[in-house]
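The lines below spell out each chain.
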Amino acid sequence: MSTDLYTFSSDSLPGDPRFLPPLANGLLGWRVYSDILHVGAVYNGERGDCHRADVPCPLAVTVVMEEGGQDSFSLDAYNGVFTRTLTSPGATVSQSFYSHRYHSNLMVMEILLVRHAPSEVALAVNLVTSFLPQSKDIPFQSGPDYKGGRYILGQTNTAEFPGGPQPTVHLIWTPIPSTVTLPPERSQDRWCFIVAVADSLDVVEASFDEGLELMATGDLRPSHEKSWQELWLHSKVEMVGSERLLKAVISSMFYLLSAFPSIHDTSCFFGGVSPGGLSNGGEGQDYWGHAFWDQEMWIYPTVALFYPKLARAVLEYRVQTVDGAKYNAQRQGYKGLKFPWQSAVSGREMCPEDIYGEQEIHINGDVALAFQNYYYLTEDASMFTEGRGSQLIWDLADYWVSRVTWSTEDQKYHILGVMPPDEYYYNVSNSVYTNTVAKLSLQFAVELADLLKHPAPNEWQDVAENLQIPFDQQSQYHPEFEGYTKGCTVKQADAVMLSYPLGLPMSLEIRRNDLEAYEAVTDPLGPAMTWGMFAIGWLELGEAEKAQQLLEKCFKNIQGPFQVWSETSDGSGAVNFLTGMGGFLQAVVFGYTGFRVQKECLAFSPLLPNELSELCIRGVSYLGNRMDWLFRKHEVCIILREPEAGDGFAKRCDLQVVLKSSGTKIPLTPGTPVMFPREPGCVCKLQLSSFCWPL
């Protein structure tokens, strides 16, 4: 596939600076030309004011040529570089930015000045900066220069809670002159400027040293581009029939991956993924940079299917916040853990309004579902033993047991006083989504306890089996909650998520009824991720063109020219809205393929819309293997990749394809294509009773 599809170009920048492209690497995030950057896990302020701390960015530089010129701008998603090119009659100057994908403490600006013809006159280009070494969130002070670099350090003003930690930020950067000059005897020259950011003096100096060494060897940009190319070689989506759709997939994957750490180093504390990504989330904007359910339910599933290391980083983030989650539960009078609706670093509730933290408790089930998804994809038991995931899951089960109320009238457990994902309603009873994720959470706790030989309280199974799941027998559909009036407006996807991603069994008739009931009353200005869930639902029903009509609505949220998503179709709300991108990607990656991550298999049931003749999903990761899938109208091809040294898989399972209608079983052999007619089936272990990971 041509890398041109990864390039997004324009002759001008967006009129709204919110839609300038963000550049991030899981630790540092920056919107090009902005005078601030953000650092993962660095927040300022207590609950109600907690937000990503603004850090001054020395790369807030604009290139000016006295003779003017023609501008062009491009985002190269394949290599992770944004470039402005200014062309005049006498010369071309290129200004490139990137957040280093491998060395995540570094951000870089490069200036390349090329003369078009020999001249006896020096050529000067002005570098105009808006940078000031100060921040309203961090009182920076200057330190001694380090190897020619300027140095400042500071600590955030306010911790998340009284007595909590206040992060320290250290910056070292190469000074940026007001002018760079190309001597008459040279036809071109290049200047490179780096910024190193870290939480300690030792690390920031080591990072700056690394940057200087890479500059000296000429490997600074190549090492960055190599890391991006490696991500795309691991996994990518290709298709024949719609370049517009493909470019939307590529840009969405680029921005999602930018929010995650390097696959080579996930040892540092990862600060989670917020709806607006790392580049956004300052005071009063883009949900303050906090992590929500968006992380587990919308962003995580596609990333987990391709990059298990990055999926584990999300789980480890939640494990690191369990002390705060325990505090939240105790404060509300319950056992176990209550993950915050808005999470920063501590795990304590950061949402300014109490009602969300107290009632939007489905977040607990969402977190549990991500852990379950990871285990089913990897069977990596170490996440649940050494990684403390098992205790987290069991503590969530204890929370649900303490949160339910037994009704002697209907002999069911009820969950009262909640806000469902549809935030137009609150203080309702038996949210169908909330109760379903609670049931799944409890069932997984029992399953994990059995697997790890841990005694499970009988209450876990009892509550799971007897928890009320609202269903309207007369209309044969799932009301959002007890007392919901059919036909009332809803904000976003809620009950339509029961079949996917929750996997609640239901007939095709009920699935259709749910979709029809809520599609007609969903707010057209609701958040972007919603329509991807509707598209998946119609694909489950075999109606690809109906699904495509709904998926088309997502394009209204893509703001050109750099494919930055807005939360709503009118451009308002959070920007670089990763949640919307995540819902859209799930419609492609899980919708068209029918991929479903299940307990003992990866199921599939492909269906392509008319506009696509081929869909290729490369690098699907399952039980220590990588697979490339090719879907056509009437056939499917799977190639199990040859194992690669250093791919991070501790052990692999032997796999087979099992076709549903015929029961045909086809072993998968590395490097050997397997083709069969398009029909539902699954990939599973050759020996279903075996575990490929040591317990």
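Provided above is the structure to which this section pertains.
Residues numbered from 1 in each chain as written. Predicted model: local features only at pLDDT ≥ 70, side-chain atom pairs only at ≥ 80, totals over all residues. Heavy atoms only, no water.

Q: Even after reading the chapter, I still don't get the environment of K685, so can you show me in this structure?
A: Inspection of the secondary structure assignment puts K685 in strand β32 (residues 681-685). With relative accessibility at 5%, the residue K685 sits in the buried group. Separated by 28 residues in the primary sequence, K685 and V657 have C-alpha atoms spaced 8.7 Å apart. (Helix = DSSP H or I, 4+ residues; strand = E, 2+ residues; numbered from the N terminus. Buried < 20%, exposed > 50% of the residue type's maximum accessible area, 1.4 Å probe, protein only.)

Q: Please explain the packing of aromatic side chains as it appears in this structure.
A: Aromatic rings in a pair are described by how distant their centres are and how their planes are angled relative to each other. Throughout the structure, instances matching the rule amount to 41 aromatic pairs. Note on F555 and F584: the rings are 6.0 Å apart at their centroids and 80° apart in plane angle, and the pair reads as edge-to-face. On the criterion of sequence distance, the pair formed by F555 in the loop between α14 (544-551) and β22 (558-559) and F584 in helix α15 (residues 578-592) is long-range, its members being 29 residues apart. Of the two residues, F555 and F584, neither departs from the other in class, the shared state being buried. Considering the side-chain rings of F595 and W629, the 4.9 Å spacing of their centres and the 75° angle between planes classify their relative orientation as edge-to-face. Taken together, the positions of F595 in the loop between α15 and β24 (596-597) and W629 in strand β27 (residues 625-632) put the pair 34 residues apart, joining distant regions of the chain. Accessibility assignment for this pair places F595 and W629 in one class, buried. Each residue in the set Y6, Y78, W228, W232, F254 and Y255 is aromatic and connected to the rest through ring pairs, giving one cluster. Positioned above the aromatic ring of F555 is the side chain of R244, whose terminal nitrogen or guanidinium carbon lies 3.9 Å from the ring centre. Directly above the aromatic system of F161 lies the positively charged group of R348, at a separation of 3.8 Å from the ring centroid. (Phe/Tyr/Trp six-rings, centres within 6.5 Å; stacked < 30°, edge-to-face > 60°. Lys NZ or Arg CZ within 6 Å of the ring centre and 35° of its normal.)

Q: Could you clarify how one ought to interpret the packing of helix α4 (residues 293-306) against α15 in this entry?
A: For any two helices packed against each other, the geometry is given by the interaxial angle and the distance between the axes. In the contact formed by α4 and α15, the axes pass within 8 Å of each other and the chain directions differ by 45°. Judged on the interaxial angle alone, α15 and α4 are oblique. With respect to the hand of their crossing, α4 and α15 are arranged in left-handed fashion. On α15, the residues touching D294, M297, W298, I299, P301, T302, L305 and F306 of α4 are L578, T579, G582, G583, L585, Q586, V589 and F590. For the contact of α4 with α15, the class distribution of residues is ten nonpolar, five polar and one charged. (Axes fitted to C-alpha atoms, helices over the stretch in contact; angles between N-to-C directions. Parallel < 35°, antiparallel > 145°, perpendicular 65-115°, else oblique. Left-handed = near helix turned anticlockwise from the far one by under 90°. Contact = heavy atoms within 4.5 Å. Nonpolar A, V, L, I, M, F, W, Y, C, P; charged D, E, K, R; others polar.)

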